[in-house]
Amino acid sequence: MIEIEGVTRIEGGRPIVDRVTFSVAAGQFCALVGSSGAGKSTTLKMINRMVAKSAGTIRIGGADVSTLDPQSLRRRIGYVIQSIGLFPHWTVAENIATVPRLLGWDKARIRARVDELIDLVRLDRDHAGRYPHLLSGGQQQRVGVARALAADPDLLLMDEPFGALDPITREALADELALIHHRTGKTILFVTHDLDMALRLADRIAIMDGGRLIQFAPPIEILEAPANAFVRDLVGRSALGLKLLAIRRVGDRVRPGLAAAGEPLASSASLADALSEMVVRRTDRLPVADSGGAILLSDIVA
Amino acid sequence: MMSLIAVAAAFFALLFGMPAFAPLVARAFPDVVPPIYGFASFPAMLLSHAEIVAVAALAAVASALASGVFVTREAGRQFRPILGAVATIGQTFPPVAVLAIAVPALGYGEGPTFVALALSGFLPIVANVIAGIETVPQAVREAALGMGLSPLQVLVQVELPLAAPVMLAGIRTAVAIMIGTATIGSTVGAVTLGTPIIDGLVGDKLPYVIEGASVVALFAILVDMALDRIERRLGARTSRPMPARRP
């Protein structure tokens, strides 16, 4: 879907992004993680040409982005930023309709799409006619996400989308983003400095430091085989086991044919959820839904 | 709304009903004959006055908008300090001095008045055009570009509507000043509501000064109130906190 090859951005004689190469397959959720100044936002912005690259190539679906007209390129890519940037003089519905309107969709189609998106990001349909300043920060970013998805782009770029929100809202929106990703199958590039968020949401993590790509791997590999001291430091030794439990799924550890009593767990639940349920129910085995089996405490540690 | 209607009623009553005040003025100033200024009718002077102000305001708005937009673009950013300096110098030049300089070049009549007004209106408008565009949050601009709006679409659909309340506040200030200042145009032969004021001053006839001044004052207040209403409506529609009101 996206191939980034040797991409470099030089500012004031110094490389901000230095020969970064990785690719993301269609439907994947890729998180770019690093501290501020690591070059992750700049990398993201070179994809939709908000920032010009100094060297390298970026291809989306095989097409070199530098050969495309920037406006039509951006209309094909969803873009969500930390500061949200809703248009204060347009209603929620008008904000969501931005790109469809630019693409010249007819009114009925736009209206139907806006309703669909308001439902998808779980806003109230009553909010459609309101101006952004009447919404909470979390609601505003839901509108931001809906606006980015409006023209049904295959690719979604998210630049610290939940960075400005309080922790509770952030968690709720992260859960819903996972759900939206699952339901829509979009390819998502997500910039964050929060490794836990990345571990939870992404199936590929790109760790950047000082403009360089340090490690590009699935979450489990980041935890189990950090590429160097920087990544090891980022992962942190503390609670590593819990982080591993949080990204492993119950479905992978289920024992078919084993019976257990009680409310079944979803097979998509994490091992951390399973452990927590066992502690709460004071049991060492839990049934797993749709698997005809159960999971044992010893399977969690195995 | 009520106050706007009251001022409008007072203004039109004075404008068309001026002759009705004749007995009153005659009793207070028996030496002044005729008691009401009679070389031109007040409606006719108002029309000419309003026309000069309107044309000057249009010119000031058009040039301020064009130059304000230009210096807030990437290409024109370097000219911003120069524009600021030119506009400030223009403002420190009193309109009377502009008149004095413009008369030899443009002759007597409306020409020099028009130039003096347009120059004096340019600064408050251009300052507010720039301020208005600069109040547009960077995030909104980034989102607009990121969604795929062209630079022109960002200007027309996002920046100008968001800057409109602030820009209109500048236009309102400028127009109020211009309506007052236009009266001095009568010293160089333009027909304005300043004509009875100047004639009254020259001929030592106080009632003419009062008659002209009260119509001009009410006209300025009326236009200011009307623009204020438009400005608020615009502010409410764009649903942003209103810029601080002038005292």
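Here, residues in each chain are numbered from 1, in the same order as that chain's written sequence. As a convention, the first chain written is A and the first ligand written is 1, with the rest following in written order. Only residues with pLDDT of 70 or above have their local features reported here, since the model is predicted, and side-chain atom pairs are shown and tallied only from 80 upward, although totals for entire chains, interfaces and linings are computed over all residues. Side-chain calculation: all heavy atoms of the structure are included, whereas hydrogens and water are not.

Novice: Looking at this model, I keep getting lost on the overall build of chain A. Mind explaining?
Specialist: Going along the chain from the N terminus, every DSSP run of H or I of four or more residues is numbered as a helix, and every run of E of two or more is numbered as a strand. For chain A, the count of helices and strands is 13 helices and 13 strands. What the globule rule says is 2.2 Å times the number of residues to the power 0.38, and the radius of gyration is computed from C-alpha atoms. Its C-alpha atoms give chain A a radius of gyration of 21 Å, near enough to 19 Å, the size a compact globule of 302 residues would have. When accessible area is computed with a 1.4 Å probe and restricted to protein chains, residues below 20% of their type maximum are described as buried, those above 50% as exposed, and intermediate ones as partly exposed. The burial tally for chain A puts 49% of its 302 residues in the buried class. Taken as a whole, chain A presents about 13500 Å² of accessible surface, with 49% of it coming from carbon and sulfur. Taking the average location of the 37 positive side-chain charges in chain A and that of its 35 negative ones, the two points are 3 Å from each other. Each accessible area is a Shrake-Rupley estimate made with a 1.4 Å probe; only the visible protein chains count as cover when residues are assessed. Charged residues are defined narrowly, with Lys and Arg counted positive, Asp and Glu counted negative, and His plus the chain ends left uncounted. Positions of charges follow a simple convention, taking NZ of Lys, CZ of Arg, CG of Asp or CD of Glu.

Novice: Would you mind showing me how to read the packing of helix H4 (residues 80–92) of chain B against helix H6 (residues 110–134) of chain B here?
Specialist: Pairs of packed helices are described in terms of their axes, by the angle between the two and the distance that separates them. All names here are of chain B. Axes here refer to lines fitted to C-alpha atoms; in helices the fit is confined to the stretch in contact. Angles between the N-to-C directions go from 0 to 180 degrees. It is the contact of H4 with H6, at a shortest axis distance of 7 Å, that shows an interaxial angle of 145°. Along this stretch, H4 crosses H6, giving a crossing that reads as left-handed. Residues Arg80, Leu83, Ala87, Thr88 and Gln91 of H4 lie in contact with H6, whose contacting residues are Ser120, Phe122, Leu123, Pro124, Val126, Ile130 and Glu134. Residues are sorted three ways: Asp, Glu, Lys and Arg are charged, Ala, Val, Leu, Ile, Met, Phe, Trp, Tyr, Cys and Pro are nonpolar, and all the rest, Gly among them, are polar. Across the contact of H4 with H6, the residue classes break down as 7 nonpolar, 3 polar and 2 charged. Left-handed is the label given to a crossing in which the near helix is rotated counterclockwise from the far helix by less than a right angle, and right-handed is the label when the rotation is clockwise. The contact rule is simple, with two residues in contact once any of their heavy atoms fall within 4.5 Å.

Novice: Even after reading the chapter, I still don't get the layout of surface pockets, so can you show me in this structure?
Specialist: Looking at the largest pocket, its volume works out to about 590 Å³. Ala178(A), Arg200(A), Leu201(A), Arg249(A) and Ser268(A) are the residues nearest the centre of the largest pocket, which is lined by 20 residues in total. Residue assignment for the lining of the largest pocket shows that the elements contributing at least two residues are helix H7 (167–184), helix H8 (195–201), helix H9 (219–224) and helix H11 (240–247) of chain A. For the lining of the largest pocket, the element with the most residues is H7(A), which contributes 5 residues. Of the pockets and cavities examined, the second largest pocket occupies roughly 440 Å³. Lining residues are those with an atom within 4 Å of a point, where the points come from a 1 Å grid over the protein atoms alone and group into cavities, where a 1.4 Å probe fits but cannot get out, or pockets, open sets with protein on both sides within 12 Å along at least five of seven lines. In terms of lining, the second largest pocket is formed by 16 residues, of which the most central are Glu74(B), Arg77(B), Gln138(B), Arg141(B) and Leu145(B). Those elements giving two or more residues to the lining of the second largest pocket turn out to be H6, helix H7 (138–147) and helix H8 (151–181) of chain B. Residue classes in the lining of the second largest pocket are distributed as 6 nonpolar, 2 polar and 8 charged. Grid points are joined across faces, edges and corners, and a volume is the space filled by probe spheres set on the points.

Novice: What am I meant to see in the pattern of salt bridges here?
Specialist: Side-chain pairs of opposite charge can arise where the charged atoms are in close proximity. Take a side-chain nitrogen of Lys or Arg and a carboxyl oxygen of Asp or Glu: if they are within 4 Å of each other, that pair is a salt bridge. Summed over all chains, the structure comprises 28 salt bridges over all chains. With a shortest N-O distance of 3.0 Å, Arg9(A) and Glu11(A) are connected by a salt bridge. Arg9(A) gets classed as buried once you look at its relative accessible area, which sits at 19%. A relative accessible area of 37% places Glu11(A) in the partly exposed class. The shortest N-O distance in the salt bridge between Glu134(B) and Arg80(B) comes to 2.7 Å. Here Glu134(B) is found in helix H6, whereas its partner Arg80(B) is found in helix H4, with 54 residues between them in sequence. Given a relative accessible area of 43%, Glu134(B) falls into the partly exposed group. Taking relative accessible area as the criterion, Arg80(B) reaches 34% and is therefore assigned partly exposed. Because the salt bridges share partners, they merge into one network encompassing Arg172(B), Asp224(B), Asp228(B), Glu231(B) and Arg232(B).

Novice: For this particular structure, what's the right way to read empty space enclosed by the protein?
Specialist: One water molecule sets the probe size; rolling that probe over the atoms shows where empty space is left. Following the criterion strictly, the structure yields 2 cavities of 30 Å³ or more and no others. Taken as a whole, the largest cavity encloses approximately 70 Å³ of empty space. Lining the largest cavity are Val121(A), Arg142(A), Val145(A), Phe162(A), Leu173(A), Glu176(A), Leu177(A) and Ile180(A). Looking at which element gives the most residues to the lining of the largest cavity, the answer is H7(A), with 4 residues. Grouping the amino acids of the lining of the largest cavity by side-chain chemistry returns 6 nonpolar, no polar and 2 charged. In this structure, the second largest cavity spans a volume of roughly 40 Å³. Considering the residues around the second largest cavity, the lining is formed by Arg75(A), Ile77(A), Gly78(A), Tyr79(A), Val99(A), Arg147(A), Ala148(A), Ala151(A), Pro153(A) and Met147(B). For the lining of the second largest cavity, the secondary structure elements donating two or more residues are strand E6 (77–81) and helix H6 (137–149) of chain A.

Novice: Help me understand the packing of aromatic side chains in this model?
Specialist: For any two aromatic rings, the description comes down to two numbers: the centre-to-centre distance and the angle of the planes. Residue and element names in this part refer to chain A. Pairing of aromatic rings covers Phe, Tyr and the six-membered ring of Trp, with a centre-to-centre limit of 6.5 Å; geometry is then stacked below 30 degrees between planes, edge-to-face above 60, and tilted otherwise. One pass over the structure, following the stated rule, counts 10 aromatic pairs over all chains. Their ring planes at 45° and their centres at 5.6 Å tell us that Phe29 and Phe190 sit as a pair that is tilted. Of this pair, Phe29 sits in strand E3 (residues 29–33) while Phe190 sits in strand E8 (residues 187–192), placing them 161 residues apart in sequence. The rule is short: NZ of Lys or CZ of Arg within 6 Å of the ring centre and within 35 degrees of the ring normal puts a charge over the ring. When the ring centre of Trp105 is taken as reference, the NZ or CZ atom of Arg109 above it lies at 3.6 Å.

Novice: Mind showing me how you'd approach helix H9 (residues 194–202) of chain B here?
Specialist: Taken residue by residue, H9(B) has Gly194(B), Thr195(B), Pro196(B), Ile197(B) and Gly200(B) as its buried positions. Positive phi shows up at Asp204(B), right after H9(B), with a value of about 55°.

Novice: Where do I start with the environment of Arg9(A) in this structure?
Specialist: Residue and element names in this part refer to chain A. Relative to the helices and strands, Arg9 is located in strand E1 (residues 2–11). Between the C-alpha atom of Arg9 and that of Arg74, which follows or precedes it by 65 residues, the distance is 20 Å. Setting aside residues up to four positions removed in sequence, Arg9 forms contacts with Arg14, Pro15, Ile16, Val17, Thr42, Met46, Val51, Ala52 and Ser54. Of the polar contacts made by the side chain of Arg9, one reaches the backbone oxygen of Ala52; its length is 2.8 Å. Polar contacts, as used here, are pairs of N or O atoms within 3.5 Å; protein pairs need one atom able to donate a hydrogen and one able to accept it. Residues neighboring in sequence count only if both atoms are side-chain atoms.

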